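# Examining the three-dimensional arrangement
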Amino acid sequence: MEIPESIKKRLTIPAEEHFFAGHTACQGCGASLGLRYVLKAYGRKTIFVIPACCSTIIAGAWPYNTLDANLFHTAFETTGAVISGIEAALKARGIKVKGEDGVMVVGWAGDGGTADIGLQALSGFLERGHDALYIMYDNEAYMNTGIQRSGSTPYGAWTTNTPGGKRHFLEKRHKKKVIDIVIAHEVPYAATASVAFPEDFIRKLKKARKIEGPSFIQLFAPCPTGWRSPTDKSIELARLAVQTAYFPLFEYENGKYRINMPSPKKEPKPIEEYLKLQGRFKYMTKEDVEILQQWVLHEWEKLKKLAEVFG
Amino acid sequence: MAEYKPIRKVVSGNYAAAYAVKHARVQVVAAYPITPQTSIIEKIAEFIANGEADIQYVPVESEHSAMAASIGASAAGARAFTATAAQGLALMHEMLHWASGARLPIVMVDVNRAMAPPWSVWDDQTDSLAQRDTGWMQFYAENNQEVYDGVLMAFKVAETVNVPIMVIESAFILSHTYDVVEMIPQELVDEFLPPRKPLYDLADFSQAISVGALATPDDYYEFRYKLAKAMEEAKKVIKDVGKEFGERFGRDYSDMIEKGYIDDADFVFMGMGSLMGTVKEAVDLLRKEGYKVGYAKVRWFRPFPKEELLEIAESVKGIAVLDRNFSFGQEGILFNEAKGSLYNSSARPVMKNYIVGLGGRDFTVQDVRAIAEDMKRVIESGLDREVEWYHLKR
Ligand SMILES: Cc1ncc(C[n+]2csc(CCOP(=O)(O)OP(=O)(O)O)c2C)c(N)n1
Ligand code: SF4
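Quantities reported herein were computed from a predicted structural model and do not represent experimental measurements. (Residues numbered from 1 in each chain as written. Chains lettered and ligands numbered in written order. Predicted model: local features only at pLDDT ≥ 70, side-chain atom pairs only at ≥ 80, totals over all residues. Heavy atoms only, no water.)

### A closer look at the overall build of chain A
Note the cut-off: Helical segments are the DSSP runs of H or I of at least four residues, strand segments are the runs of E of at least two, and each set is numbered from the N terminus. When a residue's accessible area, from a 1.4 Å probe over protein chains only, is under 20% of the maximum for its type it is buried; when over 50% it is exposed; and in between it is partly exposed. Any two residues having at least one pair of non-hydrogen atoms within 4.5 Å are treated as being in contact. The protein chains shown are the only cover counted for residues, whose accessible areas, like all others here, come from Shrake-Rupley with a 1.4 Å probe. Charged residues are defined here as Lys and Arg on the positive side and Asp and Glu on the negative side; His and the ends of the chain fall outside this count. The location of each charge is read from NZ of Lys, CZ of Arg, CG of Asp or CD of Glu.
Helix and strand counts for chain A come out as twelve helices and eight strands. Counting only C-alpha atoms and orienting by the principal axes, one finds that chain A spans roughly 60 × 45 × 45 Å. Scored against the burial criterion, the 311 residues of chain A give a buried share of 59%. Taking as baseline every contact in chain A between residues at least 6 positions apart, the subset at least 24 positions apart corresponds to 70%. A total of about 12,700 Å² of accessible surface is found on chain A, and carbon and sulfur atoms cover 55% of it. When the 41 positive and 34 negative side-chain charges of chain A are each reduced to one mean point, those points stand 2 Å apart.

Right, here's the structure in full:
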């Protein structure tokens, strides 16, 4: 579709599309939006590496490719290693990476492929300092295999292997803080982002392009199918996750923390507002909600302190 | 073409591999240490440190990632190499399928080492043979010279048919034993092995490409068929490259099975890798003593040289298959393959399987002689048992 000049002028995100219609994501899928923004930010001179996850399917079955960029599909746990190898090959061949006109090598993996089975390869990639970007799109469970828990699944969430029942068997561990693990590698750049804040996401993507060395973005990407949420509520949910401080937006750059909330001074909204829109939290008791609320506030205070001291 | 004057160096099998990697102008090496492979990657690192080789070296955190990074590098157009052994190879298993399925001509040296438990760092072919069905070609080297030559030829073959190759040498017997190796001057290697022309290139953006996507039952089957066909076609490529190598450098590899004394032999010893050096030595001696024996050294296990085996089977009464490996619940793996290959042929030499030298146990000329005695008896009075665990402590 042709975008009228008047609208183009008001757009702060690139108008061109490199993500084709006809992809096979569910309605309201946060991951597919994320892919679209990455492509908008980087254009087609991008090499994507996608492991086993929902995005394998979203990108299309052979002979189709819904991404207008080069794409290598790989095994579940290998994203960090494969982007390392690609970057090494480009360097060996004297092909420019990153910068304004260089090739962007982007690993695009789910939370499972990042927080669990792929953590080792992610760590290796970060530690060795390759010039590539790893994006973990976080939908908080293994959606591709039918909604099982991952290390990134939050406390109290229903999944098919942490079901709610008579004995009240739900996820009892808090969300693994993958970004903290990443930062512990002393990477030059790591950030959280959300599909509800595309301008912020694209700004971070553009920054990652300029950074020398490895960068990491954890993108919050709602999944109506797995979260048992209405398909038209994905953006609202992603926004509430930020407003409740459940998923705060921040950047870590060369030892410095910066919170990028719309209004960081404001008190976070109560977590219930976020939980109540999703079927996956319906088994939580009052006490469960309180436990999660306390965790969220505790983590939020920690982050604020970090930004204060190392801002 | 410049005249070939070999450079003679006394090197271990592992260093022979490292020199071949340097001479092949490999662009990316991603590897993880494991005994007895370690000195291959150490030597390569040394070449890089001294500015003798222009290689991007990725010191990965596991063998699984070593293969994954090699896959990334190869998919992005580079000539990629890695090396491993035993547990490391087993950890790579999933990615071996990925490399062949994505049609990436990666070359890897596997130093044959026994699988644990119990821990063993010594020679045994079960690690590589357990990767039989991963879609990798397998070349078994008898000595350090064949390790060097094998790696150079492997790149040429792999890059012609776009299928990865494992060059296999035995733990310590080759990896750490020094021997004279004739190396080829760089300009001549360059003539033999030009830069790689990738089947596809992730760094080419003239049109968007997607590699390794989901294939429905409507397409998957054909992908597999194409890989099967490439392996079949590789037989001719292997022979041509082996012949070319012989013409250029004087060492002919045009046969996938190296044969000795076949024409008038009553029976032959068949096997792979360094143990065939012992067999060849023993056969020379046995011949002098009047035994009508020969040998058939299987160089390439994948693709399997069925046609060449058939020819041998037609001219001998018996085949003693020596396996430094075992497929539990069945028999030696080479024996199993060889027997299966001959099923539909009218040539039916008697075949007996000798399991030898597992986990690095010595296999000597005396052992070959004892097996020769046993084979003679088998040919005269019939097969008693198919599989014999030779030199088992009873
Ligand atoms: C070695 C291996 N184990 C298991 C699987 C099965 N598997 C495929 S995708 C997947 C879950 C992916 O979850 P995540 O990374 O969170 O991405 P999502 O599907 O949620 O987008 C699993 C378990 C696999 N492909 N490979
Ligand atoms: S299951 Fe969830 S993540 Fe997967 S395509 Fe559907 S909405 Fe997207």
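### So, the overall build of chain B
Put simply, the test is: All radius of gyration figures rest on C-alpha atoms, and the globule criterion is 2.2 Å times the number of residues raised to 0.38.
The helix and strand tally for chain B stands at twelve helices and 16 strands. Against the compact-globule benchmark of 21 Å for 394 residues, chain B has a radius of gyration of 21 Å, which places it among compact chains. Considered along the principal axes of its C-alpha atoms, chain B spans approximately 70 × 55 × 45 Å. For chain B, the residues scored as buried account for 60% of the 394 residues in total. Expressed as a percentage of contacts within chain B between residues at least 6 apart in sequence, the contacts between residues at least 24 apart total 81%. For chain B, the accessible area works out to roughly 15,400 Å², and carbon and sulfur atoms hold 52% of it. In chain B, 43 side chains carry a positive charge and 57 a negative one; their mean positions are 3 Å apart.

### Concerning the confidence of the model for chain B
For clarity, the threshold we go by: A residue's pLDDT is simply how confident the predictor is in it, with values from 0 to 100.
Predicted confidence across chain B gives a mean pLDDT of 97, with 100% of residues reaching 70 or more. Listed scores for the predicted complex are pTM 0.96 and ipTM 0.95.

### Brief notes about the environment of B:Gln37
Residue and element names in this part refer to chain B. In plain terms, the rule: Polar contact criterion, stated in full: a pair of N or O atoms within 3.5 Å, where within protein one must be able to donate a hydrogen and the other to accept it, and residues adjacent in sequence count only if both atoms are side-chain atoms.
Position of Gln-37 among the secondary structure elements: in the loop between strand E2 (28-30) and helix H2 (38-49). Spatially, the C-alpha atom of Gln-37 lies 34 Å from that of Glu-3, the residues being 34 residues apart in sequence. Discounting residues that sit within four places of it in the chain, Gln-37 has contacts with Asn-14, Ala-31, Tyr-32, Ala-83, Thr-84 and Val-111. Within the structure, Gln-37 has its side chain in polar contact with the backbone oxygen of Tyr-32 (distance 3.1 Å). Among the polar contacts listed, one links the side chain of Gln-37 to the backbone oxygen of Ala-83, at a separation of 2.5 Å.

### A short note on the side chain of B:Glu337
All names here are of chain B. Mapped onto the elements, Glu-337 comes out in helix H11 (residues 333-342). The buried category is assigned to Glu-337, whose relative accessible area is 11%. Within polar-contact distance, the side chain of Glu-337 engages the side chain of Arg-132 at 3.0 Å. With near-sequence residues (within four places) excluded, Glu-337 lies in contact with Arg-132, Phe-301, Arg-302 and Phe-304.

### Remarks on the interface of chain A and chain B
To keep it simple, the criterion reads: Throughout this description, the term salt bridge denotes a Lys or Arg side-chain nitrogen within 4 Å of a carboxyl oxygen of Asp or Glu. Any residue outside Ala, Val, Leu, Ile, Met, Phe, Trp, Tyr, Cys, Pro, Asp, Glu, Lys and Arg is labelled polar, Gly included; the first ten of those are nonpolar and the last four are charged. Strands are labelled as partners when DSSP assigns at least two bridges between them.
Between chain A and chain B, the residue contacts involve 39 residues of the former and 41 residues of the latter. Our count for the chain A to chain B interface comes out at two salt bridges. The salt bridge involving A:Arg93 is made with B:Asp201; its shortest N-O contact spans 2.9 Å. Going through the elements one at a time, strand E1 (46-50), strand E2 (70-73), helix H4 (79-92) and helix H6 (119-128) of chain A are the ones with two or more residues in the side of chain A that touches chain B. No other element matches H4(A), which puts ten residues into the side of chain A that touches chain B. For the side of chain A that touches chain B, the class distribution of residues is 20 nonpolar, twelve polar and seven charged. Both E2(A) and strand E9 (residues 210-211) of chain B contribute to a ladder of two bridges, which runs parallel. Among the inter-strand pairings, A:Phe72 is bridged to a residue of E9(B), identified as B:Val211.

### Observations concerning the sheet that holds strand E14 (residues 318-323) of chain B
All names here are of chain B. Note the cut-off: Only the stretch in contact is used when fitting a helix axis, every axis being a line fitted to C-alpha atoms; angles between N-to-C directions are given from 0 to 180 degrees.
With respect to topology, six strands assemble into an open sheet ordered E10-E12-E11-E14-E15-E16, the strand pairing being mixed. Single-partner strands in this sheet number two, and they are strand E10 (257-260) and strand E16 (387-389). Geometrically, the sheet is characterised by an average inter-axis angle of 20 degrees between neighbouring strands, direction not taken into account. Relative to strand E12 (residues 293-298), strand E11 (residues 267-271) is paired through five bridges, and the arrangement is parallel.

### Describing H4(A)
Residues and elements named next belong to chain A. Filter applied, for reference: What a helix should span is 1.5 Å times the count of its residues minus one.
For H4, which comprises 14 residues, the first-to-last C-alpha distance of 20 Å matches the rise-based estimate of 20 Å (1.5 Å per residue) to within 8%. Counting buried positions along H4 gives twelve out of 14 residues, so the element sits mostly inside the fold. Taken residue by residue, H4 has Thr-79, Gly-80, Ala-81, Val-82, Ile-83, Ser-84, Gly-85, Ile-86, Glu-87, Ala-88, Ala-89 and Leu-90 as its buried positions. Two residues or fewer past H4, Gly-94 is found with a positive phi of approximately 70 degrees.

### Remarks on the sheet that holds strand E3 (residues 104-110) of chain A
The pairing of strands in a sheet happens through backbone hydrogen bonds and is either parallel or antiparallel. Reading across the sheet, the nine strands line up as E8(A)-E7(A)-E5(A)-E6(A)-E4(A)-E3(A)-E1(A)-E2(A)-E9(B) and stay open at both edges, with mixed pairing between neighbours. Bordering the open sheet on either side are strand E8 (256-259) of chain A together with E9 of chain B, each of which pairs with just one other strand. With respect to the sheet, helix H2 (residues 30-42) of chain A is in contact with E1, E3, strand E4 (133-138) and strand E6 (215-220) of chain A, its orientation differing from that of E3(A) by roughly 175 degrees.

### Topic: the site of ligand 2
Using the following cut-off: Throughout, near means a residue has at least one heavy atom within 4 Å of the molecule or strand.
Taken together, the residues surrounding ligand 2 are A:Cys26, A:Cys29, A:Cys54, A:Asn139, A:Met143, A:Cys223, A:Pro224 and A:Thr225. Along the lines of polarity and charge, the residues of the shell around ligand 2 split into six nonpolar, two polar and no charged.

### Observations regarding the nonpolar core
For the record, the criterion: We call a set of buried residues a nonpolar core when its members are Ala, Val, Leu, Ile, Met, Phe, Trp, Tyr or Cys and they connect through side-chain atoms within 4.5 Å of each other.
Membership of the largest hydrophobic core comes to 162 residues, with the highest contact counts inside it found for A:Phe48, A:Phe72, A:Leu205, A:Tyr274 and B:Met67. Aside from chain neighbours lying at most four places away, what touches A:Phe72 is A:Phe48, A:Val49, A:Ile50, A:Val82, B:Ile71, B:Ala75, B:Trp98, B:Ala102, B:Leu104, B:Tyr200, B:Leu202 and B:Val211. Membership of the second largest hydrophobic core comes to 62 residues, among which are B:Leu152, B:Ala158, B:Met183 and B:Val189.

### Some details on the site of ligand 1
Looking at ligand 1, there are 17 residues lining it, with A:Gly112, A:Gly113, A:Tyr137, A:Met143 and A:Asn144 nearest. The local environment of ligand 1 is shared, drawing residues from chains A and B. Between A:Tyr137 and ligand 1, the recorded distance is 2.5 Å, taken from a side-chain N or O atom to an oxygen atom. Measuring from an oxygen atom of ligand 1, one finds a backbone N or O atom of A:Met143 at 2.9 Å.

### With respect to the packing of helix H10 (residues 306-315) of chain B against H11(B)
Relative placement of two packed helices is described by the angle separating their axes and the distance separating the axes. Residue and element names in this part refer to chain B. To be explicit about the condition: By definition in this entry, angles of less than 35 degrees are roughly parallel, angles greater than 145 are roughly antiparallel, angles of 65 to 115 are roughly perpendicular, and the rest are oblique.
Interhelical geometry of H10 versus H11 gives an angle of 75 degrees and a closest axis separation of 10 Å. Comparing their axes, H11 and H10 come out roughly perpendicular. Residue-level contacts link Lys-306, Leu-309, Leu-310 and Ala-313 of H10 to Ala-338, Ser-341 and Leu-342 of H11. Looking at the contact of H10 with H11 residue by residue, the class counts come to five nonpolar, one polar and one charged.

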